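# Results of the structural survey
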Amino acid sequence: MDESLERCVKSLEENTEDVRDEARRALLSICRNVLRSPNNYRSRELRLDDEVVVEKLLPAMGALECLFDVGYVEDGERIFLPRNASLLKLQSLSRLLCTATESSPITDDVNKSSTAQKTFFDRIVGHFRDVLYYEDPNLQKKAKRVVPVVQLEIATMTKMRDLQKSFKLENAEATSSQFEAELIAKDLFLLELLRWFKYEFFKWVNNPKCSTCFTECTYENVIHSVNPHCSRIELYRCQKCNIVVEFPRYTHPEPLLILRRGRCGEWANVFTLLCRSLGYDARFICDETDHVWTEIWSASNKRWIHVDPCENIIDKPLMYEKGWQKKLTYIIAYSRDEVQDVTWRYTRDQKAVMKRRKTCAEQSLIHLIQSLTYQRQNSANYSSARREYVVKRKLLELAGMLYISNSQKDSDEEVYEGRTSGSLMWRLARGEIMQADTEKSYIWDISKYGETFELRYNIVKDLYYVVRNNGTILEEKSGWLEGMNTMEGGVFRKVENDWKMVYLTRSQQAKHGSVKWTFEIPNSKSCLETLTLKAKSKVFQNAMVSWEIEAIFDNDRAVTISVPNCSNFHTEEVRKAVRINVIVTLSGGQGQEAWQHAQLFRQSLDNTEEPSMIINIQLKNHSV
C-alpha cells in the first residue's frame, strides 16, 4: 500500500468528528463515480467552488491531499483527474476509506489544531501584518502622486453644487455647518475616486496577452515566486506563438502602482492604499470564499461603508450574498487599528453562515482577533487617544451589525446584480453571477451581400465569418456574443484545456439557456427563398439541444418551423419572409452537472478551421 496515501487518509482523523465523516463520505463518492464510469470526464472534474469542495473537502485536513496524491491536478478554478492517470491509486484510496469508515474508532478531536485552522489563522496574521504597508509615509506619497486630486476635487464640487441646487440646501439649516459640508464633500470625493480608479486607472486581467501577437493566452501552470512581495507566478501560453507569459500575483501594493492591473486582490490592495494616502480611515476586507474589497469610515454617516473597486459599488454589503449568490463563511477586516470579524454586515442568513463556519471554533477565532487587536493598540507608537476613539467606533460598528428580522433595516426590495468584473465565463465558473440574460440586439443585414448570404461561426477561434460561395471572407466579427440578438440562462463559452474541447453551455443556476440570431431584409426589393442550417452539438445524460426558426412576413404574420436535425436542415417555409430568428435552447441533464450536459458547437481545440455553425440564406429580387 502506498505510504503517502495512507498518511493522507490517516490525517483525516485529525479533524473533528463531523468534518472527518463528511470528508470521508465525499471522497468515497468521488472515487466510486470515477471507478464506475472511468471514461466519463464529468466524473473526473471538481470545480473549486462546488458545494462538495467548499463545505466538505476544504474544511477537512487531508481531504484534498488525498485527491492530489491519487493523481488529481489543479487547473485554475477546478481540479481534475487526467485521462492518462492510473486508477490503481484511486482504488487504493477507496479501500482505505472503506476500511477506516468501518473499523476505526470515532474520536473527538475538537481540541486538536487542524491544518485548516492553522492555514486560516496564518492568513489572518499575514493580512494583519501586510496592512501596515499602507501606513508607510513614502509609499503614501508615491500613491498620492498617481491620483489626479485636482481633477477629482473639481468633479466633487460640481456634484456638490448640483446637489445643493436639487435639494435647495442653500436655505436649509443643515448647511449652516461648514464642518458637515466638508464631511459630505469627502464622501462625494470618494465616489469620484472610485469611478476614476475603475474606469481610468486600473485594468482587469482575465488571461494576460501574448507580448508578440497580443492574443489572449491560455492558463498552463503556477509556480512559486522567490520575491517576498509576490505570492505566486501564474504561467500562460500563447496558442499561436507558443510563448509562455508570466503573470506575477503581487501582494505588495508598490509594484502595482506601476503595473496597474490584476484581479480583485490587486484592485482592493491598491485602492485601499490610495484611500489611506488621501486621509481616509480605510481597511482591507477579506472574504474567505475568495473575494476582497475595501471599507471606508464615513464620519458623516458614523459607520463603515462597503466599497468594491472592482465593481464601482458603494454601500451595498448584501450584494455578495443576494446578487453573487455567495455561500459566505468568514469576512475579516484588517486595518492599522484592529482586526474585526465583519461577516454579519454582509449576510441576512446568519444560521446558514454559522453552519458553514467549520474551519475553527468560534472562541478560538475571537481569541486570535482580540489578541492581534490588543497587540496593535498597545504597540509603542499607538496613542491612548487613538485607542479610546477606536474603541468607541467599534461599539458603534457592533451595534450597527446587529440584525433584527422584519425590522426597518431589511432591504429585500433592493435589487442586487451579479458580478460584473472579469470575463463572463470566469464569473459563471465561480458562481458569482446570477442567471445571465444578455440582449445585444444585433441584427444581420442579409440584403447587402447579394442573392446569397452565408454566415459561418467557428467556436475555436470564436469568430463569425460572412463568406461568398467561393469561400472569400466578406466580413468578420469576433466574439460569439457580438453576433447574436439575445441570450438567456447565462450561456457562456467553456474551454476544457485538459480534454481539448470547447463549447457553449448554460450557467450552473439555469434550468435552460437559449441563444437567438436575427437576420433581416431592411428594404422591400428582396425577400427570402430558402434557409439551410448546419450546426454541431453534443448531449449527455438526457440533455437536449433543440432548434427552431421563426419567420416573420410583411403583414406581421409569423411562422415557427421546428428543426428535427440541426446537422443538415433545409427549409423553403421561409419564402417571402423579411425577418428570421434562429433560436437554440439548451436544457435537461442530470445531477449537479446538468447545466453542462447540453453542449452547443462542441468541437476539438485542434480543429481550428471547420465551421461549428453554417447558416445559408438564399434571397430573390422582387423585380425579377
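Residues numbered from 1 in each chain as written. Predicted model: local features only at pLDDT ≥ 70, side-chain atom pairs only at ≥ 80, totals over all residues. Heavy atoms only, no water.

In the nomenclature of an unreviewed UniProt entry, the chain corresponds to Peptide-N(4)-(N-acetyl-beta-glucosaminyl)asparagine amidase from the organism Acromyrmex insinuator. Here is the UniProt Sequence similarities (unreviewed entry) comment for the chain, exactly as written: "Belongs to the transglutaminase-like superfamily. PNGase family." The Catalytic activity (unreviewed entry) comment attached to the chain in UniProt states, word for word, "Hydrolysis of an N(4)-(acetyl-beta-D-glucosaminyl)asparagine residue in which the glucosamine residue may be further glycosylated, to yield a (substituted) N-acetyl-beta-D-glucosaminylamine and a peptide containing an aspartate residue." (UniProt positions renumbered as here; feature names shortened; annotations may be inferred.)

## Examining the overall build of the chain
Within the chain, the regular secondary structure consists of 16 helices and 31 strands. The proportion of buried residues among the 624 residues of the chain is 49%. Taking all contacts inside the chain whose residues are at least 6 apart in sequence as the whole, residues at least 24 apart take part in 69%. On the chain, roughly 30600 Å² of surface is accessible, and the fraction owed to carbon and sulfur atoms is 50%. (Helix = DSSP H or I, 4+ residues; strand = E, 2+ residues; numbered from the N terminus. Buried < 20%, exposed > 50% of the residue type's maximum accessible area, 1.4 Å probe, protein only. Contact = heavy atoms within 4.5 Å. Areas by Shrake-Rupley, 256 points an atom, 1.4 Å probe, with all protein chains shown as cover.)

## A closer look at the pattern of salt bridges
With the rule as written, the count across this model stands at 40 salt bridges. Between E520 and R579 there is a salt bridge, with the nearest N and O atoms lying 2.6 Å from each other. On the criterion of sequence distance, the pair formed by E520 in strand 23 (residues 512-520) and R579 in strand 29 (residues 579-587) is long-range, its members being 59 residues apart. According to the relative accessible area criterion, R579 is partly exposed, its value standing at 24%. (Salt bridge = Lys/Arg side-chain N within 4 Å of Asp/Glu carboxyl O.)

## Details of the confidence of the model for the chain
Mean pLDDT over the chain works out to 84, with 87% of the residues at or above the 70 mark. Across the chain, the secondary-structure element scoring lowest on mean pLDDT is helix 16 (residues 424-429), at 48, and the one scoring highest is strand 13 (residues 331-334), at 97. Ignoring residues within four places in sequence, the model shows residues 103-113, a span with pLDDT below 50, making 17 contacts including any to other chains. Between residues 169-176, whose pLDDT stays under 50, and residues either more than four places distant or in other chains, the model counts seven contacts. (pLDDT = per-residue confidence, 0-100.)

## Digging into the sheet that holds strand 19 (residues 473-478)
Taking strand neighbours across the sheet as the criterion, the six strands line up as 19-18-17-31-24-28 in an open arrangement whose pairing is antiparallel. A single partner strand is all that each edge strand has here, and the edge strands are strand 19 and strand 28 (569-571). The mean inter-strand angle of the sheet, taken between neighbouring strand axes irrespective of direction, is 15°. With nine bridges connecting them, strand 24 (residues 526-535) and strand 31 (residues 613-621) associate as antiparallel partners. Residue pairing in the sheet places T530 in a bridge with Q618 of strand 31. (Pairing = 2+ DSSP bridges. Axes fitted to C-alpha atoms, helices over the stretch in contact; angles between N-to-C directions.)

## Quick look at the packing of aromatic side chains
Aromatic ring pairs are defined here through the distance separating the ring centres and the angle between the ring planes. Inspection of every chain in the model, using the stated rule, returns 27 aromatic pairs. With a centroid separation of 5.2 Å and an interplanar angle of 10°, the aromatic rings of F197 and F202 are classed as stacked. When its relative accessible area of 0% is taken as the criterion, F197 is described as buried. Between the aromatic rings of F197 and W267, the centroid separation amounts to 5.6 Å while the plane-to-plane angle is 80°, which identifies the pairing as edge-to-face. Highlighted residues: F197 in helix 9 (residues 178-201) and W267 in helix 11 (residues 264-277), separated in sequence by 70 residues. For the pair formed by F197 and W267, the shared burial category is buried. Members of the aromatic cluster, joined through ring pairs, are Y442, W444, Y449, F453, Y457, Y464, W517, F519, W547 and F601. Its end group placed over the ring of Y280, K186 keeps NZ or CZ at 5.0 Å from the ring centre. Sitting over the face of the ring of F128, R376 holds its NZ or CZ atom 3.8 Å from the ring centroid. (Phe/Tyr/Trp six-rings, centres within 6.5 Å; stacked < 30°, edge-to-face > 60°. Lys NZ or Arg CZ within 6 Å of the ring centre and 35° of its normal.)

## A short note on the pairing of strand 29
Burial runs high along strand 29: seven of the nine residues are buried. Here nine bridges tie strand 23 to strand 29, and the two strands are oriented antiparallel to one another. Looking at the pairing, H512 lines up with S587 of strand 29. Taken together, the nine bridges between strand 26 (residues 544-552) and strand 29 define a ladder with antiparallel strand orientation. Bridge pairing in strand 29 links W547 to V584.

## Quick word on empty space enclosed by the protein
The final tally for this structure, using the stated rule, is one cavity of 30 Å³ or more. Lining of the largest cavity is provided by F247, P248, Y250, L256, L259, R261, G262 and E266. At the level of secondary structure, the elements contributing two or more residues to the lining of the largest cavity comprise strand 7 (244-250), helix 10 (253-259) and strand 8 (261-262). Broken down by element, the residue count for the lining of the largest cavity peaks at three residues, all from strand 7. Among the residues forming the lining of the largest cavity, the class breakdown is five nonpolar, one polar and two charged. (1 Å grid on protein atoms, 1.4 Å probe; cavity = no way out; pocket = protein on both sides within 12 Å on 5 of 7 lines; lining within 4 Å. Points joined across faces, edges and corners; volume = space filled by probe spheres on them. Nonpolar A, V, L, I, M, F, W, Y, C, P; charged D, E, K, R; others polar.)

## Looking at the side chain of S43
Mapped onto the elements of the fold, S43 is located in the loop between helix 2 (17-36) and strand 1 (45-47). At a separation of 2.7 Å, a polar atom in the side chain of S43 contacts the main-chain carbonyl oxygen of N40. In this structure, S43 is in contact with N33, V34, S37 and Y72, ignoring residues within four places of it in sequence. (Polar contact = N/O pair within 3.5 Å; in protein donor to acceptor, adjacent residues only side chain to side chain.)

## Things to note about the side chain of Q596
With respect to the secondary-structure elements, Q596 resides in the loop between strand 29 and strand 30 (598-604). If we skip the residues at most four places from it in the chain, Q596 touches R42, E45, K494, E496, Y503 and T505.

## Topic: the packing of helix 6 (residues 115-130) against helix 14 (residues 362-377)
With their axes 11 Å apart at the nearest point, helix 6 and helix 14 run at an angle of 20° to one another. Taken together, the axes of helix 6 and helix 14 are roughly parallel relative to one another. Like other packed secondary-structure pairs, helix 6 and helix 14 cross with a definite hand, here right-handed. Facing helix 6, whose interface residues are F120, F121, I124, V125, F128 and R129, helix 14 presents S364, L365, L368, L372, Q375 and R376. The residue makeup of the contact of helix 6 with helix 14, split by class, is eight nonpolar, two polar and two charged. (Parallel < 35°, antiparallel > 145°, perpendicular 65-115°, else oblique. Left-handed = near helix turned anticlockwise from the far one by under 90°.)

## A closer look at the pairing of strand 5 (residues 218-223)
The side chains of a regular strand alternate between the sheet's two faces. When strand 5 meets strand 6 (residues 230-237), the two strands line up antiparallel, connected through five bridges. Bridge pairing in strand 6 links N221 to L235. What sits between the antiparallel neighbours strand 5 and strand 6 is a turn of six residues.

## A short note on unusual backbone geometry
One non-glycine residue, D315, lies in positive phi territory at about 60°. Relative to the elements of secondary structure, D315 occurs in the loop between strand 12 (313-314) and helix 12 (319-323). A relative accessible area of 31% means that D315 is categorised as partly exposed. Even without a glycine there, the phi angle at Q541 is positive, about 50°.

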